[in-house]
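Take a look at the letters that make up each chain.
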Amino acid sequence: MVDGYFFEDDLHCRSELTVAADNMFLGEGGCVAEEGLLEHVAQTSAAHIGHIRKMEGQSVTLGYIGDIKRAVFTPPMPAAGDTLHTKLTVVSQVGNVTLVSAETSVDARVVLTCRMKLANENEGDAR
Amino acid sequence: MKLNGTLYQILQDEGAAITLQLCDSHPVYEGHFPGMPITPGVLTLGMIRECVELRTGRALRFSSIKSCRLAAMVRPGDVLKLTMDITREGDSLKVKASLTGAENEEDLRLQLDAEFL
Amino acid sequence: MEKDEMIKKMVEILADEFEVDAETIQPEANIKETMHLDSLSLVDMVALVNEEFGVEIKTPDLPTIKTFTDLYDYVFTRM
């Protein structure tokens, strides 16, 4: 759920996603469900964390959403063909938990702002 | 996106709580993750939304999420209990929900404090 | 900012964020136990301290910050 990932610096990145007609989060009204926007933010975060780990010579491990806070959705939600633009900021990081703040827009209109924590597995964690 | 019947099945629906079971297979597990199926947090959230819709009898969308804590993994086959506390405020619904093991309420998987429209 | 003033502000924002009674935030109390912090909410505390006081708590320093006094000293010396 990320077509383009653009690294800015360790604490900032941007991403894009054009909603495909067969996106699994499309609802009956033809719009992406709010959960889909959150998944896009989670995958943007995962791409950023993975990119930094790689640059630091660490292996990329699986990541999970730990929590979501202060999420505000502003309708209308995007439809198939719309392109989402996400700006992500790393707010803080402790060990393998990263707190990010994200803003997702469609045509310069903000549709989602939220904070999210991503927990990455430690290298060599038992699967 | 409809998850009832594909991602989960409702086993029992009584009062404030719904007992449900995650289906053994769903296309999402092919990628999440290969050989180690874990239910994506956002789909667990979608499942809760559908249960709130079932309870209120209308289609809903999230307008805000004050907090959603994904305390522990949800996996295919899990039998879980969803407890919902729904309050109407004008057009909007304030929902506090917790998803725990069906037999063990100490086994918290997800806790949600959100508003729906 | 004087240290007393910093401590007062810290107690206020921590009590508010972690929904505990400000009375329980005693100087020698254990931070994690008092505010029921786990690995996720610990990140919230670090973010809050950074946003409110402009002090970044480094991950390797965290194990040395056990009590509220440890936290006040850490933050005050770096403000």
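Residues numbered from 1 in each chain as written. Chains lettered and ligands numbered in written order. Predicted model: local features only at pLDDT ≥ 70, side-chain atom pairs only at ≥ 80, totals over all residues. Heavy atoms only, no water.

A. Main features of unusual backbone geometry. In this structure, Pro 76 of chain A follows Pro 75 of chain A across a cis peptide bond, with omega equal to 0 degrees. Position of Pro 76 of chain A among the secondary structure elements: in the loop between β3 (63-73) and β4 (83-94). Phe 33 of chain B follows His 32 of chain B through a cis peptide bond whose omega is -10 degrees. By the element assignment, Phe 33 of chain B lies in the loop between β2 (17-22) and α1 (41-56). Even without glycine at this site, Asp 107 of chain A takes up a positive phi of about 50 degrees. Relative to the helices and strands, Asp 107 of chain A resides in the loop between β5 (97-106) and β6 (109-120). (Helix = DSSP H or I, 4+ residues; strand = E, 2+ residues; numbered from the N terminus.)

B. Broad picture of the sheet that holds strand β3 (residues 62-70) of chain B. Across the sheet, 12 strands lie side by side as β1(A)-β2(A)-β4(A)-β5(A)-β6(A)-β3(A)-β3(B)-β6(B)-β5(B)-β4(B)-β2(B)-β1(B); this open sheet has antiparallel pairing. If you trace the sheet from one side to the other, it starts and ends with β1 (4-9) of chain A together with β1 (8-14) of chain B, each paired once. Across the sheet, the mean angle from the axis of one strand to that of its neighbour is 20 degrees, orientation sign disregarded. Pairing between β1 of chain A and strand β2 (residues 12-18) of chain A: five bridges, direction antiparallel. Bridge pairing links Gly 4 of chain A to Glu 16 of chain A in β2 of chain A. Where α1 of chain B meets the sheet, it contacts β3 of chain A together with β1, β2, β3, β4 (79-89), β5 (92-101) and β6 (108-116) of chain B, and its direction lies at approximately 60 degrees from that of β4 of chain B. (Pairing = 2+ DSSP bridges. Axes fitted to C-alpha atoms, helices over the stretch in contact; angles between N-to-C directions. Contact = heavy atoms within 4.5 Å.)

C. Looking closely at the environment of Phe 62 of chain B. By the secondary structure assignment, Phe 62 of chain B is in strand β3. For Phe 62 of chain B and Leu 117 of chain B, which are 55 residues apart along the polypeptide, the C-alpha to C-alpha distance reads 6.4 Å. Look past the residues within four positions of Phe 62 of chain B in its chain and what remains in contact with it is Glu 34, Glu 35 and Phe 73 of chain A together with Leu 45, Arg 49, Leu 112, Ala 114, Glu 115 and Phe 116 of chain B.

D. Representation of the nonpolar core within the structure. Among the nonpolar cores identified, the biggest contains 59 residues, and Leu 38, Ile 68, Phe 73 and Met 116 of chain A together with Leu 22, Ile 65 and Leu 112 of chain B are the most heavily contacted of them. If we skip the residues at most four places from it in the chain, Leu 22 of chain B touches Leu 7, Tyr 8, Tyr 29, Thr 39, Met 47, Val 74, Arg 75, Pro 76, Gly 77, Asp 78 and Leu 80 of chain B. Residues Val 91 of chain A together with Ala 47, Val 49 and Ile 65 of chain C belong to the second largest nonpolar core, which totals 35 residues. (Core = buried A, V, L, I, M, F, W, Y, C linked by side-chain atoms within 4.5 Å. Buried < 20%, exposed > 50% of the residue type's maximum accessible area, 1.4 Å probe, protein only.)

The analysis is restricted to geometry; functional conclusions fall outside its scope.
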